[in-house]
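Residues per chain, in single letters:
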Amino acid sequence: MIPLIYHNPDCGTSRNTLAMMRQSGEEPHVIEYLKTPPTREKLVELITAMHITPRDLLRQKGTPYDVLGLDDDSKTDADLIEAMLAHPILINRPIVVTETGTRLCRPSERVLDLLPHPITTFTKEDGETVTRKAPTR
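Because the structure is a prediction, the values reported are computed rather than measured. (Residues numbered from 1 in each chain as written. Predicted model: local features only at pLDDT ≥ 70, side-chain atom pairs only at ≥ 80, totals over all residues. Heavy atoms only, no water.)

With that settled, consider the packing of helix H2 (residues 40-50) against helix H4 (residues 77-86). Viewed as axis vectors pointing N to C, H2 and H4 meet at an angle of 120 degrees, and their least axial separation amounts to 11 Å. For the element pair H2 / H4, the angle class is oblique. Note that H2 runs across H4; the crossing there is right-handed. On H4, the residues that touch Arg40, Leu43, Val44 and Ile47 of H2 are Ile81, Glu82, Met84 and Leu85. (Axes fitted to C-alpha atoms, helices over the stretch in contact; angles between N-to-C directions. Helix = DSSP H or I, 4+ residues; strand = E, 2+ residues; numbered from the N terminus. Parallel < 35°, antiparallel > 145°, perpendicular 65-115°, else oblique. Left-handed = near helix turned anticlockwise from the far one by under 90°. Contact = heavy atoms within 4.5 Å.)

Right, here's the structure in full:
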């Protein structure tokens, strides 16, 4: 299986995650999800695979989250999925899919547990150095 990343090139966390994957010897299939959003079925599949709720995947910063009233606890999972489909910027990123699993990689070093040959150290764009710890699968 070729690993894949749902990526936003304008996001530093997403760029760092992609760089960690590449430095670990992986060349993932890159899906710029703002240009090519997932289908409803794919979005539900990703949420299920990550063992999270749709609310856990919502991004608030720089999105119409407040305008749409998505902080309202009466919004159902279906409502939240509809909002993400209508406004893909609401989907938090990056999401990485490998043979090992599917994960929202925030912070970016969460990707290391998904890679077969992870790097041991990485310097992020902001200069922070990440040292790989024991897997947390």
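Following the structure, the description resumes.
Our next topic: unusual backbone geometry. The amide bond that connects arginine 93 to the next residue, proline 94, takes the cis arrangement and shows omega of 0 degrees. For proline 94, the position within the fold is in the loop between H4 and strand S3 (95-97). A cis amide bond links arginine 106 to the next residue, proline 107, at an omega of 5 degrees. At histidine 51, a position not held by glycine, the phi torsion is positive, near 60 degrees. With respect to the helices and strands, histidine 51 occurs in the loop between H2 and helix H3 (54-57).

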